[in-house]
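Each chain, written out:
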Amino acid sequence: MPLTVVQALPALDVGGVERGTLEVAAELVRRGHRSIVISAGGRLVDKLISEGSEHFTMPIGNKSPMTLLEIRRLRSLLESESASILHARSRLPAWIAYLAWRKMSGRSRCGFVTTVHGPYSVNRYSRIMMHGQRIIAISSFIRDYILKNYPDTDESRIRVIHRGVATNDFPRGYQPAENWQIKWRSEYPDFFKDRFIVTLPARITRWKGQEDFIQVIRLAAQEGIPVHGFIAGGPHPRRHRFYQQLQGQVQKLDLDSRITFLGHRNDLREIMSVSDVVCSLAREPEAFGRTALEALCLGIPVIAYNHGGASEVLAEMFPVGLVEPMNHAAAARKLVDFYRRRPGVTAENPFTLEKMLNKTISVYEELNAESGRDRNGAGA
């Protein structure tokens, strides 16, 4: 029987949550279900609609008392559209969704799902994400975070569903288009003269590891290898001072000829594909570690700190690339080892988009199969 699945999030602009929402929406439509997304809108709305979903504009992510007025409107929409599942993907939308959902009557009440996309600050505001009748954790690290910080959460309601990468988007041995390669060579001609290219793809912020990366490149260069580091990511306007500090560090350490800031890029796949190694050096554990997975799918070796979701990806696909968090010397030794003998990367990917979609829709189907009386359980 077809489902009507309503996903709720703040907006449909660029980001991991937004990308996952569109991926699930498109798969629901492909399988003959009805897909509705509620948000304040954004640049991805047109793509969502073109792929067969419906969009209802509601500012459910605005941090304003006026947002509370959306509760009744959302409840009315859920009832009028005969929603089967309500899936909240962010904290404030989850509060609005929950308050609307719990006032629905009897068997008209749909199933309520939440996804914990990260290790949120631990407080009552974040606790709303544990109110789902099913709670999707995007990694085992996130599941452990939930159970440690919200120990009264019923573990049987948690489903670990790792994010996934479409094999067609990051094929092994991928070669960038010729026009991209020509432009790349014209912009960075010196990097095709026996340079060992190491890339850190991450937006510029203190916890993403750019300072660590600079030290790793410094130590590896001291070993005499022709290493060159690319920092691929731009700073948020409020992080521009930190960006300047990073540039100052590079100059102070006399690494101008060893490290290049590429700024914000829309071609990370291409950049990673022409790199010899990709690094994932987030100082705080990441919820999943998507860029590490994307690089490994391309067949590019990865060096990553052994914590968070990235450690789960490497443990399955490239355990030799794991190093102790913040151990710059160990990471530099790995780089030198990989320069002297390039390691092989498995072609098997246990974290596919197909698996993620299958498991997510199975959660919807499982919850929908329960009776209306059973649905009145968790968090009601």
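Residues numbered from 1 in each chain as written. Predicted model: local features only at pLDDT ≥ 70, side-chain atom pairs only at ≥ 80, totals over all residues. Heavy atoms only, no water.

### A word on the sheet that holds strand E12 (residues 302-305)
Logical step 1: Taken in spatial order, the six strands line up as E10-E9-E8-E11-E12-E13 in an open sheet, and their pairing is parallel. Only two strands of the sheet have a single partner each, and these edge strands are strand E10 (259-263) and strand E13 (322-323).
Logical step 2: Sitting on the sheet, helix H11 (residues 290-298) touches strand E8 (196-201), strand E11 (277-280) and E12, and the angle it makes with E12 is about 160 degrees. (Pairing = 2+ DSSP bridges. Helix = DSSP H or I, 4+ residues; strand = E, 2+ residues; numbered from the N terminus. Contact = heavy atoms within 4.5 Å. Axes fitted to C-alpha atoms, helices over the stretch in contact; angles between N-to-C directions.)

### Focus on the sheet that holds strand E2 (residues 34-39)
Logical step 1: Here seven strands make up an open sheet; going across it, the order is E3-E2-E1-E4-E5-E6-E7 and the pairing parallel. One side of each edge strand has no neighbouring strand; the edge strands of this open sheet are strand E3 (54-57) and strand E7 (158-160). Sheet twist, expressed as the average angle between the axes of neighbouring strands with direction ignored, equals 20 degrees.
Logical step 2: Two strands pair when backbone bridges link them, and strand E5 (residues 111-116) and strand E6 (residues 134-137) are joined in this way by four bridges, in the parallel orientation. Paired with Val-116 across the bridge in E6 is Ala-137.
Logical step 3: Packing of helix H4 (residues 91-101) onto the sheet brings it into contact with strand E1 (4-8), strand E4 (85-88) and E5, and relative to E5 it is tilted by some 165 degrees.

### Observations regarding the pairing of E10
Logical step 1: The element E10 is extensively covered by neighbouring structure, given that five of its five residues are classed as buried.
Logical step 2: Alternating positions in E10 separate into two faces, Ile-259, Phe-261 and Gly-263 on one and Thr-260 and Leu-262 on the other, with burial throughout.
Logical step 3: Sheet analysis places strand E9 (residues 227-232) next to E10, joined by four bridges and oriented parallel. Residue pairing in the sheet places Gly-229 in a bridge with Ile-259 of E10.
Logical step 4: Following the backbone out of E9, through helix H9 (residues 240-252) and into the adjacent parallel E10, one traces a crossover that is right-handed. (Buried < 20%, exposed > 50% of the residue type's maximum accessible area, 1.4 Å probe, protein only. Right-handed = clockwise from strand over helix to strand, strands pointing away.)

### Brief notes about helix H1 (residues 16-30)
An α-helix turns once every 3.6 residues. As a result, residues three or four positions apart point the same way.
Logical step 1: The end-to-end C-alpha distance of H1 is 21 Å, a good match for the 21 Å that 15 residues give at a rise of 1.5 Å each.
Logical step 2: Every buried residue belonging to H1 is among Glu-18, Gly-20, Thr-21, Leu-22, Glu-23, Val-24, Ala-25, Glu-27 and Leu-28, and all of these are buried.
Logical step 3: The inward-facing, buried residues of H1 contact E1, E2, helix H2 (45-50), H11 and helix H14 (353-369).
Logical step 4: Of the residues one or two after H1, Gly-32 is the one with positive phi, at around 90 degrees. (Expected span 1.5 Å × (residues − 1).)

### Things to note about unusual backbone geometry
Logical step 1: In the Ramachandran plot, Asp-254 falls in the positive-phi region, its phi being about 60 degrees despite a non-glycine side chain.
Logical step 2: Within the element layout of this structure, Asp-254 appears in the loop between H9 and E10.

### Thoughts on the nonpolar core
Logical step 1: In terms of nonpolar packing, the biggest core is built from 91 residues, with Val-116, Ile-146, Val-198, Leu-314 and Leu-335 touching the most fellow members.
Logical step 2: Beyond its immediate stretch of four places on either side in the chain, Val-198 contacts Phe-213, Ile-217, Val-227, His-228, Gly-229, Phe-230, Val-277, Cys-279 and Leu-335. (Core = buried A, V, L, I, M, F, W, Y, C linked by side-chain atoms within 4.5 Å.)

### Thoughts on the packing of helix H8 (residues 210-222) against H9
Logical step 1: For the pair H8 and H9, interaxial distance at closest approach is 10 Å and the crossing angle is 10 degrees. Our classification of the angle between H8 and H9 gives roughly parallel. Each of Gln-210, Glu-211, Ile-214 and Gln-215 in H8 lies in contact with H9, whose residues at this interface are Phe-242, Leu-246, Gln-249 and Val-250.
Logical step 2: Taken together, the residues of the contact of H8 with H9 break down into four nonpolar, three polar and one charged. (Parallel < 35°, antiparallel > 145°, perpendicular 65-115°, else oblique. Nonpolar A, V, L, I, M, F, W, Y, C, P; charged D, E, K, R; others polar.)

### Here's the deal with the packing of aromatic side chains
Logical step 1: The full count for this structure, using the stated rule, is 12 aromatic pairs.
Logical step 2: Here the aromatic rings of Tyr-145 and Tyr-150 are separated by 6.3 Å at their centres, their planes lie at 75 degrees, and the arrangement is edge-to-face. Both residues of the pair, Tyr-145 and Tyr-150, count as buried.
Logical step 3: Ring-pair connections join several aromatic residues into one group, and the members of that group are Trp-180, Trp-184, Tyr-188 and Phe-230. (Phe/Tyr/Trp six-rings, centres within 6.5 Å; stacked < 30°, edge-to-face > 60°.)

### Details of helix H6 (residues 140-149)
Logical step 1: Within H6, burial applies to Ile-142, Tyr-145 and Ile-146. On an axial view of H6, the arc spanned by its buried residues comes to 100 degrees, and they lie on one face.
Logical step 2: Residues of H6 that are buried make contact with E5, E6 and E7. (Arc of directions from axis to C-beta.)

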